[in-house]
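Coordinates in review
One-letter residues, chain by chain:
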Amino acid sequence: MNNAQQGPAARQSAMAELVLAEGSATAAELAERFGVSLMTIHRDLDELERQGIVRKFRGGVTAQPSGVFESNVQYRLKTMRAEKAAVAERALKMVEPGMAIMLDDSTSTLEIARRLRLGEVTPLTVVTNFLEAINMLSDQRGIHLMALGGDYDPLHSSFLGVSCVEAIGQLRVDVCFASTSAVHGGYAYHQEQHIVSVKRAMLDAAARNVLLIDHTKLARVALHRVVPLSRFDLLLVDDGASAEALRDLDENKVPYEVCAKPATVTKGSDDRAGAT
């Protein structure tokens, strides 16, 4: 079956996959690619936007984040991987056998979970609401995995809502590793209120809090303030951070470390700006 013969659901699925892989596309490009009219493409994009997978702009569509739009998890999994790996390597050095740690539903902390699969830091208790991390660690010996329940959100691949917040409130961990969409002027920001409430509860449940971000999140804001950066004991950022952005952290007296990316990593498609 060619693209023009696909039904709307199949075409929209293929369209979403394309935009998530490329980051953005124009309506004209999509119409040519799928062999349908611009009117049909706009109807498809309206539906993808309604589902929260992409956001429309004049003449096209994008999967990249904005101040009010958080990227789909499948897009975030593909972006800034070298930068996320660099901060995760540093964060892992803070984890010791016998600890209880909490990971939020960010792809930055997922890199910590990926490294925990090596089994070099055990025994360990890991608490998370992120389905990607749960699946990654579910069969790992030496790790006591605690999955936080709640309402499943497929766009974030995580469990959220009141039930999740209440479950977090019953726990106390040694360290919470979290990420957020934007950092500016002494505050961490995120686009979505239901994500904010879970992150705040996680920070309240930990003896120490560590914020992991890639450099594209500095000097940016989003709709909701999460917490002041003073709530974090340490901020970890990759070495792509500009001097101006780091100066903002200095002026707000934020304790931070710059984490060097591996020298063997080359610039490529993974260097697109991502979200959490």
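About the thresholds
Residues numbered from 1 in each chain as written. Predicted model: local features only at pLDDT ≥ 70, side-chain atom pairs only at ≥ 80, totals over all residues. Heavy atoms only, no water. Helix = DSSP H or I, 4+ residues; strand = E, 2+ residues; numbered from the N terminus. Buried < 20%, exposed > 50% of the residue type's maximum accessible area, 1.4 Å probe, protein only. Contact = heavy atoms within 4.5 Å. Pairing = 2+ DSSP bridges. Axes fitted to C-alpha atoms, helices over the stretch in contact; angles between N-to-C directions. Arc of directions from axis to C-beta. Right-handed = clockwise from strand over helix to strand, strands pointing away.

Description of the side chain of serine 179
The residue serine 179 is located in the loop between strand 9 (173–178) and strand 10 (182–184) in this model. Accessibility expressed as a relative area gives 1% for serine 179, which makes it buried.

Digging into the environment of isoleucine 101
By the element assignment, isoleucine 101 lies in strand 4 (residues 100–103). Residues isoleucine 101 and cysteine 176, 75 residues apart in the sequence, show an inter-C-alpha distance of 5.7 Å. Apart from residues lying up to four places away in sequence, isoleucine 101 is in contact with Val95, Leu116, Leu124, Thr125, Val126, Val127, Val173, Val175 and Phe177.

Focus: the sheet that holds strand 2 (residues 55–57)
Taken in spatial order, the three strands make up an open sheet running 1-3-2, and their pairing is antiparallel. Since the sheet does not close on itself, it has two edges, and those belong to strand 1 (24–26) and strand 2, each with one partner. Strand-to-strand twist of the sheet, defined as the mean angle between neighbouring strand axes without regard to direction, takes the value 20 degrees. Pairing analysis gives three bridges linking strand 1 to strand 3 (residues 60–62), with the strands arranged antiparallel. Along strand 3, the bridge assignment pairs threonine 26 with glycine 60. Sheet strands in contact with helix 2 (residues 27–34) are strand 1 and strand 3, and its direction is about 80 degrees off that of strand 1.

Observations concerning helix 2
Owing to its 3.6 residues per turn, the α-helix brings residues three or four apart onto one side. Those residues of helix 2 that fall on the buried side of the exposure criterion are Ala27, Leu30, Ala31 and Phe34. Seen from one end, helix 2 has its buried residues packed into an arc of 100 degrees, which puts them on one side. Of the residues in helix 2, the exposed ones pointing more than 90 degrees away from the buried face are Glu32 and Arg33. If you follow the buried residues of helix 2, they end up packed against helix 1 (8–22), strand 1, helix 3 (38–50) and strand 3. Just downstream of helix 2, glycine 35 is the residue with a positive phi angle, here 65 degrees.

Details of the pairing of strand 5 (residues 124–128)
For strand 5, a buried count of five out of five residues is recorded, marking the element as mostly surrounded by other parts of the structure. Going residue by residue along strand 5, you find Leu124, Val126 and Thr128 tucked away on one face and Thr125 and Val127 tucked away on the opposite face as well. Sheet analysis places strand 4 next to strand 5, joined by four bridges and oriented parallel. Note on strand 5: the bridge partner recorded for leucine 103 is threonine 128. Crossover strand 4 to strand 5 through helix 6 (residues 107–116) is right-handed. Note that strand 5 and strand 6 (residues 143–147) share five bridges and pair parallel. Bridge pairing links valine 127 to methionine 146 in strand 6. Each parallel crossover has a hand, and the one from strand 5 via helix 7 (residues 131–137) to strand 6 is right-handed.

None of this, on its own, says anything about what the molecule does.
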